[in-house]
Amino acid sequence: MSKLRFSFLGPRGTFTQQALNEISTEEESVHIPAIDSPRAIKMVRAGEADYAVVPIENSVEGGINATLDTLAAGSDLLIYAEVLVDIAFTLAVRPGTKMEDITHISTHNAAWTQCRNWLGEHLPDVVHLPASSTAAGAEKLAREENPGFQATLVSKLAAQQYGLESLSDAVADNHDAVTRFVLIGKAGKLPERTGADKTTLMVQLPTDEAGALLNMLEQFKARGVNLSRIESRPIGDSLGRYAFSIDAEGHLMDERIQAVLLGLHRVCPKVTFLGSYPSAAHKSIRLRPGTADDDFIGARAWVDALVERSL
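Note that the structure is predicted; figures quoted are calculated from it, not measured.

About the thresholds
Residues numbered from 1 in each chain as written. Predicted model: local features only at pLDDT ≥ 70, side-chain atom pairs only at ≥ 80, totals over all residues. Heavy atoms only, no water. UniProt positions renumbered as here; feature names shortened; annotations may be inferred. Buried < 20%, exposed > 50% of the residue type's maximum accessible area, 1.4 Å probe, protein only. Contact = heavy atoms within 4.5 Å. Pairing = 2+ DSSP bridges. Helix = DSSP H or I, 4+ residues; strand = E, 2+ residues; numbered from the N terminus. Axes fitted to C-alpha atoms, helices over the stretch in contact; angles between N-to-C directions. 1 Å grid on protein atoms, 1.4 Å probe; cavity = no way out; pocket = protein on both sides within 12 Å on 5 of 7 lines; lining within 4 Å. Points joined across faces, edges and corners; volume = space filled by probe spheres on them. Nonpolar A, V, L, I, M, F, W, Y, C, P; charged D, E, K, R; others polar. Domains from an automatic or database assignment.

1. Quick notes on the UniProt feature "site: Essential for prephenate dehydratase activity" (unreviewed entry) in the chain
Here is step 1 of the chain: The positions UniProt marks with the feature "site: Essential for prephenate dehydratase activity" (unreviewed entry) are Thr179.
Here is step 2 of the chain: A residue is classified by how much of its surface remains accessible, and Thr179, at 7% relative accessible area, is buried.
Here is step 3 of the chain: For Thr179, the residues in contact, after removing those within four places along its chain, are Pro55, Glu57, Asn58, Val83, Leu84, Val85, Ile87 and Gln114.

What follows is the structure, encoded as structure tokens:
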């Protein structure tokens, strides 16, 4: 039986591959590095990979737009799992390079933003050269004779893999920083309910309608569904038109989530379902009174009985 193929934000040694290893190691599957998250996702759409693992959110900067927008471009893909990775950056250099030699650093934008205060204190004049991933900077520094920079911010694993030397293994403004990664595959059978699940949606609001956002949020409140994340994203066709990327507590097979989707479908021009999957935190959802499955089923049976009696 052939091994499953996983595309991921590469090259090898990224935090994304670290997250992928939590799902399936290279001994168990085929890891295919992609130059960026959109391309990793598009490889699944094109049938070049069975699944993609990409970052979707970090605790410092919030949602990662490239992932959110590419995933929401269609309803053919779903999120099947999430992985949380504690992020600690290593300031990596070629052997022999000293701190005073560093004038330019190449790393991913997310890494730079999570370390800019530390860098402002220790390397106040350093210039950032954006890289497609953290490990991409390490790969270029290790392999090119004149890469144009002297250091990179990477995982400790990547520094070791590319033969680089660490000047510091504790580079961060927030030492509790966490990045959330998701497993994306073609739309199909959902993971089973666990009682500690998330449902991800992209919900477009009607334009020029007062209270449209409140009307959308009330669909969740009325059914007792908590939101763990909500972020606005421009639709892209004109100014002032937005959709909301949402993580809601619950699973598609929960009666309250189905009721939310029915409500959203009535009041919003477009609702894209992007998956129901176990929360990496494994924290059981506390239901408000009247929002358990039996409450919805019992209420529907009562109304059905009224209707049947009235025919």
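2. Some thoughts on the sheet that holds strand E12 (residues 197–204)
Here is step 1 of the chain: Strands sit in the order E13-E14-E12-E15 across an open sheet of four strands; the sheet is antiparallel. Strand pairing shows two members of the sheet lacking a second neighbour, strand E13 (227–234) and strand E15 (270–278), which therefore form its edges. The sheet shows a mean angle of 15° between the axes of neighbouring strands, taken without regard to direction.
Here is step 2 of the chain: Across the sheet, helix H7 (residues 212–221) is in contact with E12, E13 and strand E14 (242–249); its angle to E14 comes to roughly 15°.

3. Some words on the layout of surface pockets
Here is step 1 of the chain: Taken as a whole, the largest pocket holds about 350 Å³ of empty space.
Here is step 2 of the chain: Looking at the largest pocket, it is lined by 19 residues, and the ones nearest its centre are Lys198, Ser228, Glu249, Ser279 and Lys283.
Here is step 3 of the chain: The set of elements that each furnish at least two residues to the lining of the largest pocket consists of strand E3 (51–58), strand E11 (178–186), E12, E13 and E14.
Here is step 4 of the chain: Residue contributions to the lining of the largest pocket peak at three residues, all from E11.
Here is step 5 of the chain: Residue composition of the lining of the largest pocket, grouped by class: four nonpolar, six polar and nine charged.
Here is step 6 of the chain: Looking at which domains feed residues into the lining of the largest pocket, each of domain 1 (1–87 + 177–188) and domain 3 (190–310) supplies at least three.
Here is step 7 of the chain: As a volume, the second largest pocket reaches approximately 220 Å³.
Here is step 8 of the chain: Of all the elements in the fold, those that place two or more residues in the lining of the second largest pocket are helix H3 (65–71), E12, E13 and E15.
Here is step 9 of the chain: In terms of residue class, the lining of the second largest pocket is built from seven nonpolar, two polar and three charged.
Here is step 10 of the chain: Two domains share the lining of the second largest pocket, each providing at least three of its residues, namely domain 1 (1–87 + 177–188) and domain 3 (190–310).

4. Observations concerning the pairing of strand E9 (residues 151–154)
Here is step 1 of the chain: What you see with E9 is no split at all: Ala151 and Leu153 on one side and Thr152 and Val154 on the other are buried throughout.
Here is step 2 of the chain: Where strand E6 (residues 89–93) and E9 come together, four bridges link them in antiparallel fashion. Residue pairing for E9: Leu91 is matched across the bridge by Leu153.
Here is step 3 of the chain: Examined bridge by bridge, strand E7 (residues 104–107) and E9 share two bridges and lie parallel to one another. Its bridge partner lying in E9, Ser106 is registered against Thr152.

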